[in-house]
Amino acid sequence: MRPHVSTPAASPAFVPMSYPFDRIEPKWQRYWEKHGTFRTMEDPTKPKFYVLDMFPYPSGSGLHIGHPEGYTATDIVARYMRMRGYCVLHPMGWDAFGLPTERYSMTTGIHPRVATAENVATFKRQLAMLGFSYDWSREINTTDPRYYRWTQWMFRLIYNSWYDHEQQRARPIEELPIPADVQDAEAYRDAHRLAYMALVPVNWCEELGTVLANEEVDEWRQKGYTVERRPMRQWMVRITAYAERLLADLELVEWPASTKEMQRNWIGKSEGAEITFPIIGSEASVTVFTTRPDTLFGATYLVLAPEHRLIEQITTPNCSSAVAAYVAEAQRKTDLERTELSREKTGVFTGAYAFNPATGAEIPVWIADYVLPHYGTGAIMAVPAHDQRDFEFATAYGLPVEIVVRPRDGTLPEPLTEAFVADGIACNSTNAELSLDGLPTAEAKERIIAWLEQRRIGRRTVRYKLRDWLFSRQRYWGEPIPIIHFEDGTRRVLDEDELPLELPEVSEFKPTGTGDSVLATVPEWMNVLDPKTGKRGHYETNTMPQWAGSCWYYLRFCDPHNDACFADPDRLRYWLGTDSQRGGVDLYVGGAEHAVLHLLYARFWHKLLYDYGYVPTKEPFAKLFHQGLILGEDGRKMSKSLGNVINPDDIVRDYGADALRLFEMFLGPLEATKPWSSKGIEGIKRFLDRVWRMYTNPDGTLSSAIVNIPPTREQARLLHQTIKKVRHDIESLSLNTAIAQMMIFANEMSRMAQRPYQVMEQFVLVLAPFAPHLAEELWQLLGHTESLAYEPFPDWDEELLREEEVEIVVQINSKVRSKLMVPVTASAEELRHHALSSPDIERHLQGKTIKNIIAVPGKLVNILVE
RNA sequence: GCCCGGAUGGCGAAACGGCAGACGCACAGGACUUAAAAUCCUGGGCUCCGGAAGGAGCGUGCGGGUUCGAAUCCCGCUCCGGGCACCA
């Protein structure tokens, strides 16, 4: 008779062998919620730590498997820092304005507010399911009028500011000095505001029915949309005023080198000079920008961009038809065609000549589309010997090439086959007043700039590639720009007490197709009787770009419910600190795709607020980390079409949240791109099951192997090694190796018949930031009645780590020949002695002459022989 | 073209200039089981010699260098990923 044979599923004795995550995880999530375990504490006597995720755009497809990667890393840090006694701010919110939702609404007719609410609910459920320790009482949503009221308030601040380049800061527009000769003071002010309207060539996307920021163009092109240049009257934000500070202050932050480099490249600082060339027989002169003023003697012609405003004035009659044709052709080309298709240099002669102020030579003025209208002055001096583009153009049109720089050593072939663009020694550069000959490039630049400035024909100049931020979008689902345009052509920004300017209700979300947003079709938006001025007008029909809301959300988290200001200064000072402590968000984790866009805009926005004293630090994010992409199991980027998408819901259902959290961290270095592995997560599950069995009897009670005995020396060492390694690894975000160390602990400890209570108790705390549900359950099993969230994180005792003996490698001619156990305290001299008296070594040394012995205590002995 | 990263077993990866491959996956052998699953134990970079214990050599993309000693530092390449790109 075998009375008790039954299927595993039916036998309770089998169930506890596997960790019952489906019971434990919801239990502790409910507990945390009910007890407000993760409500943020603000205790001025305690150190603080602000750890932030880039808040997500709540898309319709729910959480992607990549989201929990960064979120788990920050959650581990947040939980760890709480246990270290810090007050931790770890919030979450929604960057919910955006085009995908609006496009969804266009096709379904469902209001974007409704769609957003549904998406947020899904995201929130999924985040809760993963057990992240967010303080949900601080949840924010950029589409909430109580939030975007302050986004509008900040736009108002930008609008009401000008940039004082002398003081290097933004100041109120009322303080702008108006020169005496200015007729229209209001127009002058408008021209200096940090938010201004301008007719600019914008990136228009017909399919989207909106314009895009320069920074956004590539992304949409990659998705197959066409983006073309079109002049439109748009809102611009003068981010260029901050170019130098955005560049210089990168020194203040601890960010990945590559991200800093990308920002530097985007800002694109060039130092050089502006030089003015008089046009012969004309009042006009052409000013060029060059980074190589030292090559002025080699400037054999000028080139204007086809858009240059002097073209009509200087073109001679016999050239005018050819010039007109060329300019028209250039206008027809899109930016893309101009940059990619026209590798062959083309151009046209204007008939005009200019004086080279250094040589006195008459040099021809050309037009070519390889000169860009929006960089520098839209005109260049061409030095074909020392600029590859000029060289190609000169070769194509038979223009002269004059060598004025030679290599430091060696000579240049003549005629040149390519431009010599490197620094070198100036030559052929002498006139009656000046000689650069023999000077290295750097000195030659200084000398000629001094001469140009003295002669008042040029000056030292700094240029940036960064352009002003195109700030309006022809969309409904965005923050309204709080401006009223009046019938008389004037406008005003809304006052603080008129904010928020809320989006009107509409039922149709398609753009009008005329370059206006849907807002232009809303009667109450377009017919406004302004109570403050009594004038008639309409609200601005454009809305802000999606980036606006994310420029300051990390500030709102510090004080999310404040209706009197965007955040209380004292609370900002508490959570951001000050520059003297390297202030800002202490740890910011998010994808590298925001390296230029969001991170540049947010830094700009923050600096403007800093200029007014609204924020206490120069920089918003002290330390930044990019989590790497998780690829599909096939090593390719996850996508629906490839069918390699992993859904977090499925993983949590099958393995539990703790397993998903641990596995994503164990996959590899946080910053690395790495493929998903469905087998790999089984290994993590095995580890968690092993931990569970280490603490529990099959009936689910505390394991009878856990007993109140003092730990052995080895057990104590193992525990303390683990504590030390895990602490160091969390602090450096090397979470994969922290988990490896915990696995070593579990492998060793689970083998032991008796496990000291004290050791097992400490290990639960070490595990807690990684697998919080399991840890809480084990903590309770160990007899505790409260959450471990604020238990002090264990510290290690260096004394306990010390080994009595250590293995020393003995090498002969750098090859390992033997290993010895010696006391850790053994000196170099003692090591030599031990090594030489070892039988293995003696055998190897037979008949050889010792030349030298290198002994490194605690490591090795290397015997060098003949 | 320019600027950043990166390259280590069958796979994901470890490694203050000091025993390359921790930890995990996959695999192989064994224990338990009627069997399977689960669990536990054992094994392994490659090549060669040896019946075995063991021994010899070669190994971190390629070629040099520095060093007693290099995956690690330096120089020159190759390939892969990312960014920028007619920016004067």
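To be clear, the structure that these remarks concern was listed above.
The structure displayed is predicted, hence computed values, not measured ones.

Thresholds applied
Residues numbered from 1 in each chain as written. Chains lettered and ligands numbered in written order. Predicted model: local features only at pLDDT ≥ 70, side-chain atom pairs only at ≥ 80, totals over all residues. Heavy atoms only, no water. Pairing = 2+ DSSP bridges. Helix = DSSP H or I, 4+ residues; strand = E, 2+ residues; numbered from the N terminus. Salt bridge = Lys/Arg side-chain N within 4 Å of Asp/Glu carboxyl O. Phe/Tyr/Trp six-rings, centres within 6.5 Å; stacked < 30°, edge-to-face > 60°. Buried < 20%, exposed > 50% of the residue type's maximum accessible area, 1.4 Å probe, protein only. Lys NZ or Arg CZ within 6 Å of the ring centre and 35° of its normal.

Asker: Teacher, can you tell me more about the pairing of strand 33 (residues 860–865) here?
Answerer: Consecutive side chains along a regular strand alternate between the two faces of the sheet. Of the strand pairs in this sheet, strand 30 (residues 805–812) and strand 33 are connected by 4 bridges, and their pairing is parallel. Bridging from a neighbouring strand, Gln-811 pairs with Asn-862 of strand 33. Of the strand pairs in this sheet, strand 32 (residues 850–856) and strand 33 are connected by 6 bridges, and their pairing is antiparallel. Residue pairing for strand 33: Val-856 is matched across the bridge by Leu-860.

Asker: Help me understand the pattern of salt bridges in this model?
Answerer: Close approach of charged atoms lets side chains of opposite charge pair. Going through the model one piece at a time under the given rule, you end up with 54 salt bridges. A salt bridge links Asp-495 to Arg-156, with the shortest nitrogen-to-oxygen separation between them at 3.3 Å. You can see Asp-495 sitting in the loop between strand 21 (491–493) and helix 15 (523–526) and its partner Arg-156 sitting in helix 5 (residues 145–159), a full 339 residues away along the chain. Here Arg-389 makes a salt bridge to Asp-387, at a shortest N to O gap of 2.5 Å. A single salt-bridge network, built from bridges that share partners, covers Arg-156, Arg-492, Asp-495, Asp-497, Glu-498, Asp-530 and Lys-532.

Asker: Would you explain the sheet that holds strand 9 (residues 228–237) in this entry?
Answerer: The strands making up a sheet associate through backbone hydrogen bonding, with each pair oriented either parallel or antiparallel. If you trace the 4 strands from one edge of the open sheet to the other, you get 8-7-9-19, paired in antiparallel fashion. Edge positions in the sheet fall to strand 8 (210–212) and strand 19 (469–470), since each has one partner strand and no second. With 3 bridges joining them, strand 7 (residues 195–205) and strand 8 adopt antiparallel strand pairing. The partner of Cys-205 across the bridge, within strand 8, is Thr-210.

Asker: What should I look at first to understand the packing of aromatic side chains in this one?
Answerer: What describes a pair of aromatic rings is the distance from one ring centre to the other and the angle between the planes of the rings. This model, assessed by the stated rule, comprises 52 aromatic pairs. Measuring from ring centre to ring centre gives 6.5 Å for Tyr-71 and Tyr-134, while their planes differ by 80°; the resulting arrangement is edge-to-face. Note that Tyr-71 is positioned in helix 2 (residues 67–83) and Tyr-134 in the loop between helix 4 (112–129) and strand 4 (140–141), a separation of 63 residues in sequence. A residue is classified by how much of its surface remains accessible, and Tyr-71, at 5% relative accessible area, is buried. Relative to Trp-605, the ring of Trp-469 lies with its centre 6.3 Å away and its plane at 65°, an arrangement referred to as edge-to-face. In this pair, Trp-469 is assigned in strand 19 and Trp-605 in helix 18 (residues 597–611), connecting sequence segments 136 residues apart. Comparing Trp-469 with Trp-605, the two get one shared label, buried. Above the plane of the ring of Tyr-159 lies Arg-193, whose end atom (NZ or CZ) is 4.1 Å from the centre. Over the aromatic face of Phe-289 sits the side chain of Arg-463, whose NZ or CZ is 5.8 Å from the ring centroid.

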